[in-house]
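A look at the structure
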Amino acid sequence: MKKKSFKNSFLLFMAAFIWGVAFVAQSVGMDYMGPFTFNGARFLMGGMVLLPLVYFRRKKDKEAGIPRAGLKITLTGGVCCGLALCSAALLQQFGIIGTTVGKAGFITTLYIIIVPVMGIFLKKKVPGRVWAGAVIAAFGMYRLCVSEQFTLSRGDIYVFFCAVIFSVHILVIDYFSPKADGVELSCVQFFFAGLTSSLLALVFENPGLSGLVEGIVPLAYAGIMSCGVAYTLQIVGQKELDPTVASLVLSLESVVSMLAGWVILGQALNKRELSGCALVFGAVILVQLPERKKKAMG
């Protein structure tokens, strides 16, 4: 059992590693094309990579006699998820232009804290540790993003709003995932986000084949590896693994993004920013810790 748990955790770590390095790919991709073009191409790639997985899962369920969700709910959920994903990803892409990869990774991870806080509006109880985590994260964000001259970069602001919309995206998935297949939802959302971003690219940018060819390496990494491979690793890795352990492993994405930005792009963080990273990561870990069960009186 422990061997299987270690294997699942390793698969999730690989997914977190791929997502963390994807921040570098997104940053480098901006040297060859605009944000709308980059996102349009990578999401369409991600959707195409998932198509074979959708086919084999459908075939397997058909042989096992497992009923499938209706096309209407899958398309509706996919479009809603795709709209949120497209908005969040574009804000993140614009944000990465004006901030470092490491900072972007840690700010994005704030969705883990924002989601339960948003749960208030859905009449869900918010545990005390979430409020504590929110306070710690807020101070960490201040150390990470606000310089000693009390200035805040536009890129950091974009990425913060990206984290807010990613939180909405998670809540939308939470609503539709029990009603439809998760992989099919993801596939539809990638195609919708890709087509929407591509249309915006035609309106606001001047996409050309040369830029796509020159930037094929970061584009392929962000599309094939980040969307297709990492998502598949997450599906396999999360199976029969404690959700708390899974979320803790996946949150390492922020640490990987910081290390990748430093090693690959030379984007070193100063002591103030590193202390902010540590506080944000600590807050993320705190929020994901399981609640202590109250002992029964007797």
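Below is a summary of the structure that appears in this document. Everything numeric in this text was worked out from a predicted model, so none of it was measured.

**Re the overall build of the protein**
Helices and strands together make up the secondary structure of the protein, namely 13 helices and 0 strands. Put simply, the protein runs from its N terminus to its C terminus through helices and strands in the order α-α-α-α-α-α-α-α-α-α-α-α-α. For a compact globule of 298 residues, the expected C-alpha radius of gyration is about 19 Å, and the protein comes in at 19 Å, within 12% of that figure. The principal-axis extents of the C-alpha atoms in the protein amount to approximately 65 × 50 × 40 Å. Across the 298 residues in the protein, those meeting the buried criterion constitute 46%. Counted over contacts in the protein with a minimum sequence separation of 6, partners at least 24 positions apart contribute 90%. Of the roughly 15700 Å² that the protein leaves accessible, carbon and sulfur atoms contribute 70%. Of the charged side chains in the protein, 27 are positive and 15 negative; the average position of the first set lies 10 Å away from that of the second.

**Observations regarding the side chain of serine 197**
Of note, serine 197 is situated in helix H8 (residues 182–204). Apart from residues lying up to four places away in sequence, serine 197 is in contact with Phe36, Asn39, Gly40, Cys86 and Leu90.

**Thoughts on the nonpolar core**
Judged by nonpolar contacts, the single largest core of 44 residues is most densely connected at Ile107 and Leu110. Residue contributions to this core peak at 10 residues, all from helix H1 (residues 2–29). If we skip the residues at most four places from it in the chain, isoleucine 107 touches Met141, Leu144, Cys145, Asp156, Val159, Phe160 and Ala163. In terms of nonpolar packing, the next biggest core, distinct from the first, is built from 18 residues, Phe36, Leu50, Phe190 and Ala193 among them.

**A short note on the pattern of salt bridges**
Oppositely charged side chains are able to pair whenever their charged atoms sit close together. Tallying each qualifying case throughout the model produces 4 salt bridges. Put simply, aspartate 181 and arginine 57 hold a salt bridge, and the shortest N to O gap is 2.9 Å. Of this pair, aspartate 181 sits in the loop between helix H7 (154–176) and H8 while arginine 57 sits in helix H2 (residues 35–64); the two residues are 124 residues apart in sequence, bridging distant segments of the chain. A relative accessible area of 28% places arginine 57 in the partly exposed class. The shortest N-O distance in the salt bridge between arginine 58 and glutamate 184 comes to 2.9 Å. Highlighted residues: arginine 58 in helix H2 and glutamate 184 in helix H8, separated in sequence by 126 residues. Since its relative accessible area comes to 7%, glutamate 184 is described here as buried. One connected set of salt bridges, linked through shared partners, spans Lys103, Asp156 and Glu273.

Reading the values: the criteria
Residues numbered from 1 in each chain as written. Predicted model: local features only at pLDDT ≥ 70, side-chain atom pairs only at ≥ 80, totals over all residues. Heavy atoms only, no water. Helix = DSSP H or I, 4+ residues; strand = E, 2+ residues; numbered from the N terminus. Rg over C-alpha atoms; globule rule 2.2 N^0.38 Å. Buried < 20%, exposed > 50% of the residue type's maximum accessible area, 1.4 Å probe, protein only. Contact = heavy atoms within 4.5 Å. Areas by Shrake-Rupley, 256 points an atom, 1.4 Å probe, with all protein chains shown as cover. Lys, Arg positive; Asp, Glu negative; His and termini not counted. Charge placed at Lys NZ, Arg CZ, Asp CG, Glu CD. Core = buried A, V, L, I, M, F, W, Y, C linked by side-chain atoms within 4.5 Å. Salt bridge = Lys/Arg side-chain N within 4 Å of Asp/Glu carboxyl O.

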